[in-house]
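Here is what each chain is made of, one letter per residue.
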Amino acid sequence: MELTYEYSNQLKGFFEKNNQIFEQTLLNEAVNVKDKIDDILTVGNIDLVNNAHHLVFYIIDGEDEALRNFAKKEGIAWATHSIDLSFKLEWIQAIRRTLWAMIEKFYEMNENKQIRYFFQLEHAINNRVDEFLNSFFISFSTYKDSLLTAQQELVKNLSVPIIPIDASICILPLIGSLDTSRIETLKDKVLVKVSELRIETLIMDLSGVAAMDKESTIELMKLLDGIAMMGCKTVITGLRKETVREITNSGVNFNQQTETLATLQQALSEYFLPGREKLPADF
């Protein structure tokens, strides 16, 4: 069945009016990925279709800095959850093909557009797609390498895996059990790192923490108080229900400077990509 496009004389408006056709065409292009969309959303809280709309509008609007930051955030998310990179590569190439199919239809419906402008647009859009892929893979590789190194150091109990993602924001991914001995190590190392790196926001991801007893919970709260005293905001992500139960039973509460969010991706969206309006619900 032939698709019916809504007319617009502006490229962005054309994509906004035909967003359902964009999604349908994209899913037809991404043969191997479309059956994995729900799995990727479940495993990593990564909404591929919604993110595709964000990427397209960054490209069309020429928001190069926002595009690079978005790619870095995506790279961190995919590295954190060890999602197969082949899916990402196929998905981005499918977005590229769909983008050009939509642009071709846009030009068919706007016969007065000059061919010179079309080639300028081709150059700009392909460069931005390539920029996204480049930034994504660099971010994925850098964060994955840092994560592996941090985990090795953690096993050896030699270091705290604080990973900078920009000049003032760092991630502290914790894995395994948090006992009092390990939290004492965190106290010794984290406060030093906060001072050395001048960290303003520390995202402490506890999604990999399997267990934490009452004494450990109390000591963790003391660490958070110390971080706050140094002028650094702590954002806790990935709290498991077992950990929440232990915190509740301990009778202690997070200080006012500590924020809790559901996932690492949510924290990255709020602190690493501030100011970007969310797309309408039907996107």
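Shown above is the structure to which this text applies.
Computed from a predicted model, the values in this text were never measured in an experiment. (Residues numbered from 1 in each chain as written. Predicted model: local features only at pLDDT ≥ 70, side-chain atom pairs only at ≥ 80, totals over all residues. Heavy atoms only, no water.)

### Side note on the packing of helix α4 (residues 48–61) against helix α5 (residues 64–80)
Moving on, step 1. Packing of α4 against α5 leaves a shortest axis separation of 9 Å and a crossing angle of 155°. In this view, α4 runs roughly antiparallel relative to α5, as classed from their interaxial angle. In terms of crossing hand, the pair formed by α4 and α5 is left-handed. Each of Leu48, Asn51, His54, Leu55, Tyr58 and Ile59 in α4 lies in contact with α5, whose residues at this interface are Ala66, Leu67, Phe70, Glu74 and Trp78.
Moving on, step 2. Of the residues in the contact of α4 with α5, the class split is eight nonpolar, two polar and one charged. (Axes fitted to C-alpha atoms, helices over the stretch in contact; angles between N-to-C directions. Helix = DSSP H or I, 4+ residues; strand = E, 2+ residues; numbered from the N terminus. Parallel < 35°, antiparallel > 145°, perpendicular 65-115°, else oblique. Left-handed = near helix turned anticlockwise from the far one by under 90°. Contact = heavy atoms within 4.5 Å. Nonpolar A, V, L, I, M, F, W, Y, C, P; charged D, E, K, R; others polar.)

### What to know about the pattern of salt bridges
Moving on, step 1. Scanning all chains against the criterion turns up twelve salt bridges.
Moving on, step 2. A salt bridge links Arg97 to Glu29, with the shortest nitrogen-to-oxygen separation between them at 2.7 Å. Of the two residues, Arg97 sits in helix α6 (residues 85–109) while Glu29 sits in helix α2 (residues 19–29), which places them 68 residues apart along the sequence.
Moving on, step 3. Using a relative accessible area of 39% as the deciding quantity, one classes Arg97 as partly exposed.
Moving on, step 4. One salt bridge connects Lys233 with Glu259, and the closest N-O pair in it is separated by 3.5 Å. With a gap of 26 residues between them, Lys233 in strand β4 (residues 233–237) and Glu259 in strand β5 (residues 258–261) connect regions that are remote in the sequence.
Moving on, step 5. What emerges from the salt-bridge pattern is a single network uniting Glu184, Lys187, Glu219 and Lys222. (Salt bridge = Lys/Arg side-chain N within 4 Å of Asp/Glu carboxyl O. Buried < 20%, exposed > 50% of the residue type's maximum accessible area, 1.4 Å probe, protein only.)

### Let's talk about the packing of aromatic side chains
Moving on, step 1. Scanning the model with the defined rule gives eleven aromatic pairs in all.
Moving on, step 2. Between Phe106 and Tyr107, the ring centres sit 5.7 Å apart and the planes meet at 80°, which makes this aromatic pair edge-to-face.
Moving on, step 3. On the basis of relative accessible area, Tyr107 is assigned to the buried category, the value being 13%.
Moving on, step 4. Among the aromatic residues, those joined into a cluster by ring pairs are Tyr58, Phe70, Trp78, Phe132, Phe136, Phe137 and Phe140.
Moving on, step 5. Its guanidinium or amino end placed over the ring of Phe136, Lys88 lies 5.0 Å from that ring's centre, counting from NZ or CZ. (Phe/Tyr/Trp six-rings, centres within 6.5 Å; stacked < 30°, edge-to-face > 60°. Lys NZ or Arg CZ within 6 Å of the ring centre and 35° of its normal.)

By themselves these figures say nothing about function.
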